Amino acid sequence: MSPNQWAAALIGAKTLGYAGTLGAAGAVFFLGYAGSLITSSELARIRRLVLTCAALSAAAGAAHIVLTAGSMSGETAGMWDGSLIRMVWQAGAGRALEIRAIGLSLTALAMLMHRPPRWGLLGAAMAATSFAWTGHAQSLSPRVFPVLLLGAHLLGVAFWMGALAPLDLVARDGNASRIAAVAERFSAVAVFVVAGLILAAAPLLWLLLGGFAELWRSSYGRCIALKLAFVAGLLSLAAFNKLRLTPRLRAGDADAVRSLRTSIRLEMWLGIMVLAVTATLTTIAGPPALD
Amino acid sequence: MIKRGFTAMAVVGMILAGPAFGHAKLRSTVPAADAQLIEAPKSVTLTFNENVRLAVLSVAAGGRQIPVTVDRSAPAASQVTVTLPALTPGTYQVRWSVLSADDGHATQGTFSFTIMAAAASH
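Residues numbered from 1 in each chain as written. Chains lettered and ligands numbered in written order. Predicted model: local features only at pLDDT ≥ 70, side-chain atom pairs only at ≥ 80, totals over all residues.

Draft legend 1. Spotlight on the overall build of chain A. From N to C terminus, chain A includes nine helices and zero strands. Secondary structure elements in chain A, listed N-terminal to C-terminal, are α-α-α-α-α-α-α-α-α. Compactness check: chain A gives a C-alpha radius of gyration of 19 Å against a globular reference of 19 Å for 291 residues, within 12% of the reference. Taken along the three principal axes of its C-alpha coordinates, chain A extends 60 × 45 × 35 Å. When contacts within chain A are restricted to residue pairs at least 6 apart in sequence, those whose partners lie at least 24 apart make up 75%. (Helix = DSSP H or I, 4+ residues; strand = E, 2+ residues; numbered from the N terminus. Rg over C-alpha atoms; globule rule 2.2 N^0.38 Å. Contact = placed C-beta atoms within 7 Å.)

Draft legend 2. Summary view of the pairing of strand S7 (residues 106-115) of chain B. Residue and element names in this part refer to chain B. As paired elements, strand S2 (residues 35-37) and S7 share three bridges and run parallel to each other. Within the sheet, the bridge partner assigned to Ala35 lies in S7 and is Phe113. As paired strands, strand S6 (residues 90-100) and S7 are joined by ten bridges and run antiparallel to one another. The residue bridging Leu99 from the neighbouring strand is Ala106, located in S7. Between S6 and S7, which pair antiparallel in sequence order, lie five residues; one of them, Gly104, sits at a positive phi of approximately 75°. (Pairing = 2+ DSSP bridges.)

Draft legend 3. Up close: the confidence of the model for chain A. The predicted model of chain A averages 91 in pLDDT, with 99% of residues at 70 or higher. Here helix H7 (residues 214-217) of chain A stands out as the element of chain A with the lowest mean pLDDT, 85, in contrast to helix H4 (residues 118-129) of chain A, whose mean of 95 is the highest. (pLDDT = per-residue confidence, 0-100.)

Draft legend 4. The arrangement of the packing of helix H5 (residues 144-171) of chain A against helix H9 (residues 254-284) of chain A in detail. Residue and element names in this part refer to chain A. In the contact formed by H5 and H9, the axes pass within 10 Å of each other and the chain directions differ by 155°. By the criterion of interaxial angle, the relationship of H5 to H9 is roughly antiparallel. When you trace H5 past H9, the crossing you get is left-handed. Together, Met161, Leu164, Leu167, Asp168 and Ala171 of H5 and Val257, Leu260, Arg261, Ile264, Arg265, Glu267, Met268 and Gly271 of H9 make up the contact between the two elements. (Axes fitted to C-alpha atoms, helices over the stretch in contact; angles between N-to-C directions. Parallel < 35°, antiparallel > 145°, perpendicular 65-115°, else oblique. Left-handed = near helix turned anticlockwise from the far one by under 90°.)

Draft legend 5. Examining the environment of Gly92 of chain A more closely. Turning to its location among the elements, Gly92 of chain A is positioned in helix H3 (residues 82-110). Taking C-alpha positions, Gly92 of chain A is 9.6 Å from Gln138 of chain A, a pair spaced 46 residues apart along the chain. Once you skip the residues sitting within four places of it in the chain, Gly92 of chain A turns out to touch Trp133, Thr134 and Gln138 of chain A together with Asp103 and Gly104 of chain B.

Set out below in structure tokens:
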């Protein structure tokens, strides 16, 4: 495999890892604040979603470790080289994967309950923030503040992105007033969570870029700019859902249900693009502040 | 259509980021990249901007691999050195791969150096 093929495989595994972990964590958060509003069949589907996302996360995490070993050796056989895998594991990927595995195991166990207990939510938080145990924030000095900011950012992303699939499941039902109730419950918390997510990201970005001019000067900055463009699209759709669609849903407008489902699916695609760009910039580009 | 557009934008993002893996930055090498030496080097030294662990270092000349030993259990350091066997005149390609001790990211690269024919007399 060429270096670009290794990079593409690593980005793919990392994107799936992000999607699986944040999807599982966010779905558990969703049950925490909206569990009382959903039907038992929806609950069963969301449980399956959490378990599928957790399995995807575990598989993608393991794949990322062996792909990293392979990319370093430059040969497919390197993927099975025990000493290379041990090096990758010891360099932080192992610790992050262990914390993620514990967190996801707790979330999977919590799926046995009707509403996730506190330890299930704690597991979801552990899994979502496990990405902060490795990566660029760990290279900053002192690292405590940026790692905390990244942890807060990841919790916000899990809350937001992880709610989309459960919201889509609820929207399939077609009962406009009940969908409105769930959407309002989500929006009430989301306003604060998304504000916190952005407030955590801004100083972290400044620390990693070393100045906002790097947004167009460096390859890392240009990736961030692309990510911000996708996030702007997500925010626009979220505002449209809250300000335009939710009042129509509350009024029982059946067309609004279709519009909401289209909007949620668009948000999901934009969310995947955000995760893919994040995987790209954390795989092939280094932050200018660390040069 | 929308999905294709998003996918295209992601590809553009990868192009914007450039083709190289980039985390720990290689500051210098001894021998220097593209150096033309009159004496065969006894070792290869790589200096980085942060502490790394050397995972792979291979040396090849004309498609022939030169046996070198990499200590993967060595502690992380900003400078890593690998001892070379006695080299004959020719052009050598060095391929290296390191793991950052801080963020766990892999970085890799290649460079080459040439030992001039006159070195054979040394």
